[in-house]
Amino acid sequence: MHEQTGISPHCWRRSGGRNHYICGFWSRRRARRGGGSGPIDYGGYLDDAGGWSEGSTADMTGNNQVTIKVGPGGENVYDPVAVHVDPGTKIIWQWEGPGHNVQAEDGQFESEIKGSGTFEYTAEEEGVIPYFCQPHKSVGMKGAIAVGNVPRKSPAAAAELKPEEMGVPIQPHYVGIGAVLMMMSSLVFTFYLLKYGESAHTKGGNN
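Residues numbered from 1 in each chain as written. Predicted model: local features only at pLDDT ≥ 70, side-chain atom pairs only at ≥ 80, totals over all residues. Heavy atoms only, no water.

K.L.:
What is the right way to read the overall build of the protein from this model?
P.N.:
Counting its regular elements, the protein contains two helices and 13 strands. Among the 207 residues that make up the protein, the fraction classed as buried is 38%. About 12,200 Å² of surface is accessible on the protein, with carbon and sulfur atoms providing 53% of the total. (Helix = DSSP H or I, 4+ residues; strand = E, 2+ residues; numbered from the N terminus. Buried < 20%, exposed > 50% of the residue type's maximum accessible area, 1.4 Å probe, protein only. Areas by Shrake-Rupley, 256 points an atom, 1.4 Å probe, with all protein chains shown as cover.)

Printed below as a string of C-alpha cells:
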C-alpha cells in the first residue's frame, strides 16, 4: 500500500517504513542502486524552493558535519538549499532569521519555531530527506539532504536546452512582427484586386 504525502504530487510513502518514499520512479529503498550521472534527483520537490536552481546541490561529502543557514538576510530560504553528505554526517541548522523551523516531510526530525540558536540531526540512512519551514512552506522555504548514494537524473534529462541556448535566438515579439507583416501583405493584395480587378501578377486586359 502507498499513502500519498505532502512532498509533491509524485511522492508517496510506503506503509510500514518511515523512510521509504517513492518520488516519481524512485524510492529510498532503491537509492543504493544510484541512477544517472546528472544532478541529484529530488523528484520535483525543490522546483519551487526559494534560492534553488537545478544542479546547485552543495557537495559536502567528506565532512563530519555541515552547517545550513536558516533565514539568512531576512529571506525565507535555507542556505544552501540542498546538501550532499555522507552517511553519519551531523547536520547543523544555524538560525539567522526569526520565525522559522526545520521539519522533515517524513517526520524523522522537527525543530521548534524560533529566531536564534541551532538544531542538529545526524543523517544515518542513504537517500533523500526533503524538509521545510512549517510557517513558510507555502512561499517555497524548502530544502533537502541527499545522503550517500542517491538517485540522479540522466544528463539528457537534466539538459533540456531551450532553442536560444542552442544558438537559435527566438523572441516572442519576432513572432508578433511576422504576423503583422503577413496581415499587411494580405490587405495590400486584397486592395489591389478590388481596385484593378486582377492580380498584380496577372497579364491581361481586353484586346
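Now that the structure has been shown, the text picks up again.
K.L.:
Would you mind going over the environment of Q94 with me for this structure?
P.N.:
Position of Q94 relative to the elements: it lies in strand β9 (residues 89-95). Along the backbone, Q94 and T118 are 24 residues apart, and their C-alpha atoms lie at a distance of 4.7 Å. Not counting chain neighbours up to four residues away, the residues in contact with Q94 comprise T67, I68, K69, V70, G117 and T118. Engagement of the side chain of Q94 in a polar contact is seen with the backbone oxygen of G117, the distance being 3.5 Å. (Contact = heavy atoms within 4.5 Å. Polar contact = N/O pair within 3.5 Å; in protein donor to acceptor, adjacent residues only side chain to side chain.)

K.L.:
Which parts of the structure should I look at to understand the sheet that holds strand β8 (residues 82-85)?
P.N.:
In sheet architecture, strand pairing relies on hydrogen bonds along the backbone and comes in two forms, parallel and antiparallel. Spatial ordering of the open sheet is given by β5-β8-β13-β12-β10, a layout of five strands whose pairing is mixed. Lying at the two open borders of the sheet, with one neighbouring strand each, are β5 (58-59) and β10 (103-104). One ladder, built from two bridges, connects β5 with β8; its direction is parallel. Paired with A58 across the bridge in β8 is V83. (Pairing = 2+ DSSP bridges.)

K.L.:
How do you make sense of the environment of V81 when you look at a structure like this?
P.N.:
Of note, V81 is situated in the loop between β7 (78-79) and β8. Given a relative accessible area of 7%, V81 falls into the buried group. For V81 and T57, which are 24 residues apart along the polypeptide, the C-alpha to C-alpha distance reads 7.2 Å. Setting aside anything within four residues of it in sequence, one finds V81 in contact with L46, A49, G50, G51, W52, Y131, K142, G143 and A144.

K.L.:
How should the sheet that holds strand β6 (residues 65-70) be read in this particular structure?
P.N.:
If you trace the four strands from one edge of the open sheet to the other, you get β7-β6-β9-β11, paired in mixed fashion. Only two strands of the sheet have a single neighbouring strand rather than two, namely β7 and β11 (118-123). Across six bridges, the pairing between β6 and β9 is parallel. Counterpart to I68 in the pairing with β9 is W93.

K.L.:
Looking at this model, I keep getting lost on unusual backbone geometry. Mind explaining?
P.N.:
The phi angle of most residues is negative, glycine excepted, and most peptide bonds adopt the trans form. For the bond from D79 to P80, the omega torsion is 0 degrees, close enough to zero to count as cis. The residue P80 is located in the loop between β7 and β8 in this model.

K.L.:
I keep staring at the environment of P98 and nothing clicks. Help me out?
P.N.:
For P98, the position within the fold is in the loop between β9 and β10. Owing to a relative accessible area of 66%, P98 belongs among the exposed residues under this scheme. Spatially, the C-alpha atoms of P98 and V70 are 8.8 Å apart, while their sequence positions differ by 28 residues. Among residues more than four places away in sequence, those in contact with P98 are K114 and G115.

Read these as layout, nothing more, since geometry by itself doesn't imply function.
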